[in-house]
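Listed below, chain by chain, are the residues.
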Amino acid sequence: MVYNTILVETKEKIATITINRPNKLNALNKETISELHEAFKSLEQSTETRVILLTGSGEKAFVAGADIAEFANFSEEDGAKLAAHGQELLFDFVQNLKKPVIAAINGFALGGGLELAMACHIRVASENAKMGLPEVTLGLLPGYGGTQRLPQLVGKGHAMEMILTAGMITADEALKIGLVNHVVTQAELLSFCEDIALKIVKNAPLAISKAINAINANFKDGENGFETEIKSFGQSFATKDFKEGTTAFLEKRKAQFTGE
Ligand code: COA
């Protein structure tokens, strides 16, 4: 499929989505959000893909936020729709995807950009990356899940400070507070993320999906994560991957998982 604002490439079961509006620092407009939704949906269904990397084009930005030009004249109703629609199509969609998504944060990750990185399952930043939620400087608050996911990742105190001051933090500061898992040079960023992805690719795909779902359950209202885990654990015993994994262990060979 050909997209206008993103690039998608797959090799060795790892798909890379690159948000490709470098002149606008990869800001998320309506078209980009819609294309990202389509790309994630089709990669989730593809048997050729087990892990997805998400990055921004150019050396300056992952994503510098939602496209400010697009919502500058919005009404209250438009604003609420923008947030609800974006969360459904992209941010919640990525968080609940059945395949792991790794954010390779290659520069500015601001506003919706940081919110998108936070919706991914794993985050790695390059040394030059800068992260923040500057919405209050525009008279807004984060609307793509930032007020919820940031405290989940870094705790309420750091989240309050970042959101209320609108300050940007460096990659090293982000590492210190647990906002990213690793910091590497910009040159190494994608290969470092691919190495994480390759470790995941070796494992049982259905178990990976169920693990994502069970971890997410901990953060969902009205859902008991322990019950989700117990149910998913039981279901795993009915998969071919479980038979293959245990048989391969007993036969002292590497498992070949099919995701069935
Ligand atoms: N929405 C729309 N356009 C954006 C954008 C955004 N969130 N962020 C950057 N751009 C555009 C700029 O308008 C500029 O376009 P132009 O060349 O047509 O004028 C281009 O990207 C380059 O940005 P510029 O501001 O010139 O780069 P810089 O290096 O001076 O500053 C930033 C970089 C990230 C500090 C600055 O672009 C910025 O503050 N962006 C907005 C961040 C933000 O508030 N995000 C939250 C949105 S809810």
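First, a word on what this report is: a plain description of the structure on this page. (Residues numbered from 1 in each chain as written. Predicted model: local features only at pLDDT ≥ 70, side-chain atom pairs only at ≥ 80, totals over all residues. Heavy atoms only, no water.)

1. Section: the sheet that holds strand β6 (residues 108–110)
If you trace the 4 strands from one edge of the open sheet to the other, you get β4-β6-β8-β9, paired in mixed fashion. Each edge of the open sheet is held by one strand with a lone partner, namely β4 (61–63) and β9 (169–170). As paired elements, β4 and β6 share 2 bridges and run parallel to each other. Bridged to Ala61 within β6 is Phe108. Its contacts with the sheet put helix α4 (residues 112–119) on β4, β6 and β8 (130–132), and the angle it makes with β6 is roughly 90°. (Pairing = 2+ DSSP bridges. Helix = DSSP H or I, 4+ residues; strand = E, 2+ residues; numbered from the N terminus. Contact = heavy atoms within 4.5 Å. Axes fitted to C-alpha atoms, helices over the stretch in contact; angles between N-to-C directions.)

2. Remarks on the packing of aromatic side chains
Scanning the entire structure with this criterion turns up 3 aromatic pairs. Arranged with centres 4.3 Å apart and planes meeting at 15°, the rings of Phe91 and Tyr144 form a pair that is stacked. Of this pair, Phe91 sits in helix α3 (residues 76–95) while Tyr144 sits in the loop between β8 and α5 (146–154), placing them 53 residues apart in sequence. A relative accessible area of 6% means that Tyr144 is categorised as buried. Considering the side-chain rings of Phe233 and Phe237, the 5.1 Å spacing of their centres and the 75° angle between planes classify their relative orientation as edge-to-face. Phe233 sits in the exposed class, given a relative accessible area of 55%. (Phe/Tyr/Trp six-rings, centres within 6.5 Å; stacked < 30°, edge-to-face > 60°. Buried < 20%, exposed > 50% of the residue type's maximum accessible area, 1.4 Å probe, protein only.)

3. Regarding the site of the ligand
Taken together, the neighbourhood of the ligand is formed by 15 residues, with Lys24, Lys60, Ala64, Ala66 and Ile68 sitting nearest. Within the side chain of Lys24, one N or O atom sits 2.5 Å away from an oxygen atom of the ligand. Between an oxygen atom of the ligand and a side-chain N or O atom of Lys60, the distance comes to 2.6 Å. Protein chains shield 59% of the accessible area of the ligand, which is 860 Å² for the free molecule. (Near = heavy atom within 4 Å. Polar contact = N/O pair within 3.5 Å; in protein donor to acceptor, adjacent residues only side chain to side chain. Areas by Shrake-Rupley, 256 points an atom, 1.4 Å probe, with all protein chains shown as cover.)

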